[in-house]
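A structural walkthrough
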Amino acid sequence: MRGVTPSSDPGIAHLLDAARADGRRRVLGIVGGPGAGKSTLAASLAGPGVAVVGMDGWHLANSVLDRLGRRERKGAPDTFDAPGYLAFLERVRSRAATVWAPEFRREIEEPIAGALEVPPDALVVVTEGNYLLLEEPPWDGVRALLDEVWFLEPDEEVRRARLVARHERHGRSHAEAVARADGSDAANARMIAATAQRADRVLRGT
Ligand SMILES: Nc1ncnc2c1ncn2[C@@H]1O[C@H](COP(=O)(O)OP(=O)(O)OP(=O)(O)O)[C@@H](O)[C@H]1O
Ligand SMILES: [Mg+2]
């Protein structure tokens, strides 16, 4: 870990400046447990010259998870097309052509192909997700494709409360939301927390 940053995020002006200086696109990764605020923070960084593409877009389809018997574990590392995500990160290092990416739609719990555009003039790509710093293959290949990684670490109670509220907003009963947050989400959160030391910065209390 190279630095611990309190509450506020450090912004991406330095990445935009570096990319403008040498023309090379920079890729920022934002990691954290379920409900840590990754998607919210990433969306807040979007703007001119910045494209946001989440790892969530590489969720396997529900039909595939059913066939593999993994539907109950949706969100676990082996319920994503990790090599596909790695291939995207490789491609997006070049600004030669537009790269289209899939987007996860919570209302249908499925990704939609070709939904996100990374145009050549995007100087910074912000990507976010749970497993960017996992040390098991094939996820262990992600870190080398990211220029900088932030780990989001809000208070555990805050994270859990936000997660339960979000599950309820997406149609789950309170009991279902709590069961999900304290069940598979909590198991994933523990695995993700163990990867924080591989981040460049840890953002606490956000
Ligand atoms: N700084 C914040 N202040 C208040 N609420 C927040 C903040 N950041 C995120 N939230 C809320 O917390 C919930 C979880 O945030 P978000 O969806 O961004 O988390 P996430 O890390 O992307 O979760 P997941 O891993 O499940 O995709 C959302 O309902 C969001 O609106
Ligand atoms: Mg998210």
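Structural data are supplied above this passage.
Let me begin by describing the structure that accompanies this report. (Residues numbered from 1 in each chain as written. Chains lettered and ligands numbered in written order. Predicted model: local features only at pLDDT ≥ 70, side-chain atom pairs only at ≥ 80, totals over all residues. Heavy atoms only, no water.)

Some remarks on the nonpolar core
With 33 residues, the main nonpolar core has Y85, F88, L89, V118, W139, V142 and F151 as its most contacted residues. Those elements giving two or more residues to this core turn out to be β2 (26-32), α4 (82-92), β4 (99-105), β5 (110-118) and β7 (148-153). Looking at this core, the element that brings in the most residues is α4, giving 6 residues. Contact partners of Y85, with chain neighbours within four places excluded, come to M55, W58, T127, L132, W139 and V142. Core analysis: the next-biggest nonpolar cluster, separate from the first, contains 17 residues, L28, L45, V124 and L203 among them. (Core = buried A, V, L, I, M, F, W, Y, C linked by side-chain atoms within 4.5 Å. Buried < 20%, exposed > 50% of the residue type's maximum accessible area, 1.4 Å probe, protein only. Helix = DSSP H or I, 4+ residues; strand = E, 2+ residues; numbered from the N terminus. Contact = heavy atoms within 4.5 Å.)

What about the site of ligand 1?
Near ligand 1, the surroundings consist of 13 residues, among which K38, S39, T40, R166 and R169 are the closest. Measuring from an oxygen atom of ligand 1, one finds a backbone N or O atom of G37 at 3.0 Å. Side-chain polar atom of R162 to a nitrogen atom of ligand 1: 3.4 Å apart, as the coordinates give it. The protein chains hide 71% of the 630 Å² of surface that ligand 1 would expose on its own. The cavity that encloses ligand 1 is the largest pocket. Residue assignment for the shell around ligand 1 shows that the elements contributing at least two residues are α2 (38-45) and α5 (156-169). (Near = heavy atom within 4 Å. Polar contact = N/O pair within 3.5 Å; in protein donor to acceptor, adjacent residues only side chain to side chain. Areas by Shrake-Rupley, 256 points an atom, 1.4 Å probe, with all protein chains shown as cover. 1 Å grid on protein atoms, 1.4 Å probe; cavity = no way out; pocket = protein on both sides within 12 Å on 5 of 7 lines; lining within 4 Å. Sits in = over half its atoms within 2 Å of the grid points.)

Topic: α2
Of all the positions in α2, only K38, L41, A42 and L45 are classed as buried. Buried positions in α2, seen along its axis, are confined to an arc of 100 degrees and lie on one side of it. In α2, those exposed residues whose orientation departs by more than 90 degrees from the buried face are T40 and A43. Buried positions along α2 lie against β2, β3 (50-52), β6 (124-129), β7 and β8 (201-204). (Arc of directions from axis to C-beta.)

As for the environment of G32
As for its placement among the helices and strands, G32 is situated in strand β2. Judged by relative accessible area, G32 falls into the buried class, the value being 0%. Considered as a pair, G32 and A194 are 162 residues apart in the sequence and their alpha carbons are 10 Å apart. Here G32 is in contact with K38, G129, N130, F151, L152 and I192, once residues within four sequence places are set aside.

A few points about the environment of E117
Within the fold, E117 resides in strand β5. In this structure E117 comes out as partly exposed when scored by relative accessible area, which is 44%. On a C-alpha basis, the gap between E117 and W100 in space is 4.9 Å, while along the polypeptide they are 17 residues apart. Leave out the neighbours within four places in its chain, and E117 touches A51, T98, V99 and W100.

Some thoughts on the side chain of K38
Of note, K38 is situated in helix α2. Buried charged residue K38 carries no salt bridge. Nearest counter-charge: E128, at 5.0 Å. Side-chain polar atoms of K38 contact the backbone oxygen of G32, separated by 3.1 Å. In this structure, K38 is in contact with I30, V31, G32, G33, E128, G129, N130 and L152, ignoring residues within four places of it in sequence. (Lys, Arg positive; Asp, Glu negative; His and termini not counted. Salt bridge = Lys/Arg side-chain N within 4 Å of Asp/Glu carboxyl O.)

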